[in-house]
Amino acid sequence: MSEVNDLLAQTLDLNGLLDYQDGAVVSRTIIKKDTGTVTLFAFDKGEGLSEHTAPFDALVQITDGEAAITIAGEEHRVKAGQFIIMPADQPHALKAVTRYKMLLVMIKQ
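What counts, and where the lines are drawn
Residues numbered from 1 in each chain as written. Predicted model: local features only at pLDDT ≥ 70, side-chain atom pairs only at ≥ 80, totals over all residues. Heavy atoms only, no water. Salt bridge = Lys/Arg side-chain N within 4 Å of Asp/Glu carboxyl O. Helix = DSSP H or I, 4+ residues; strand = E, 2+ residues; numbered from the N terminus. Buried < 20%, exposed > 50% of the residue type's maximum accessible area, 1.4 Å probe, protein only. Phe/Tyr/Trp six-rings, centres within 6.5 Å; stacked < 30°, edge-to-face > 60°. Lys NZ or Arg CZ within 6 Å of the ring centre and 35° of its normal. Contact = heavy atoms within 4.5 Å. Pairing = 2+ DSSP bridges. Axes fitted to C-alpha atoms, helices over the stretch in contact; angles between N-to-C directions.

Some remarks on the pattern of salt bridges
Opposite charge on two side chains allows them to pair when their charged atoms are near.
Next up, step 1: Considering all chains together, one arrives at four salt bridges under this definition.
Next up, step 2: Note that Arg-99 and Asp-44 form a salt bridge whose closest N and O atoms lie 2.8 Å from each other. Of this pair, Arg-99 sits in the loop between β8 (92–96) and β9 (100–107) while Asp-44 sits in the loop between β2 (36–43) and β3 (48–52), and the two are 55 residues apart along the sequence.
Next up, step 3: Classification of Arg-99 as partly exposed rests on a relative accessible area of 31%.
Next up, step 4: For Asp-44, a relative accessible area of 12% corresponds to the buried category.
Next up, step 5: Among the salt bridges present, the one from Arg-77 reaches Glu-66, with a minimum N-O distance of 3.4 Å. Taken together, the positions of Arg-77 in strand β6 (residues 74–79) and Glu-66 in strand β5 (residues 66–71) put the pair 11 residues apart, joining distant regions of the chain.
Next up, step 6: The partly exposed category is assigned to Arg-77, whose relative accessible area is 48%.
Next up, step 7: Through salt bridges with shared partners, a single network forms among Asp-22, Asp-44 and Arg-99.

Here is the structure:
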């Protein structure tokens, strides 16, 4: 049975599914389908993802800590309990203001 299937039909603590690692960005795929993905990330303070684009909208929900998310040159501070939608084809980058965890939901069009 795959790791994703091990998560089906049970109540889980989202932040407990992934631990922080010093000096690293770690991820765990929750759902992976042809139509999109749901992935949990944990970023150590100061870590990030460099500027890139995606061909579809992506929803980022911060579940712990605080991130600086830059979209098309504009920085947004997003904290635990908040989310932001990154528009398709717009350059975006992420940086950990504090250690943070985020749920990334991408649905292909």
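Here the narrative resumes, following the displayed structure.
Some remarks on the packing of aromatic side chains
Next up, step 1: The final tally for this structure, using the stated rule, is two aromatic pairs.
Next up, step 2: Pairing Phe-43 with Tyr-100 gives two aromatic rings, centres 4.5 Å apart and planes at 5 degrees, and the pair type is stacked. Of the two residues, Phe-43 sits in strand β2 while Tyr-100 sits in strand β9, which places them 57 residues apart along the sequence.
Next up, step 3: Following the ring pairs from residue to residue traces out a cluster consisting of Phe-41, Phe-43 and Tyr-100.
Next up, step 4: Lys-101 extends its terminal NZ or CZ atom over the ring of Tyr-20, reaching a point 4.9 Å from the ring centre.

Here we look at the environment of Ala-96
Next up, step 1: Here Ala-96 shows up in strand β8.
Next up, step 2: Between the C-alpha atom of Ala-96 and that of Gly-65, which follows or precedes it by 31 residues, the distance is 8.3 Å.
Next up, step 3: Those residues in contact with Ala-96 that lie beyond four places of it in its chain are Phe-43, Asp-44, Lys-45, Gly-46, Glu-47 and Glu-66.

Considerations on the sheet that holds β9
Next up, step 1: Pairing within the open sheet is antiparallel, and its five strands lie in the order β1-β2-β9-β4-β7. The open sheet has two edge strands, β1 (25–33) and β7 (83–86), and neither has a second partner. Adjacent strand axes in the sheet meet at a mean angle of 20 degrees when their direction is disregarded.

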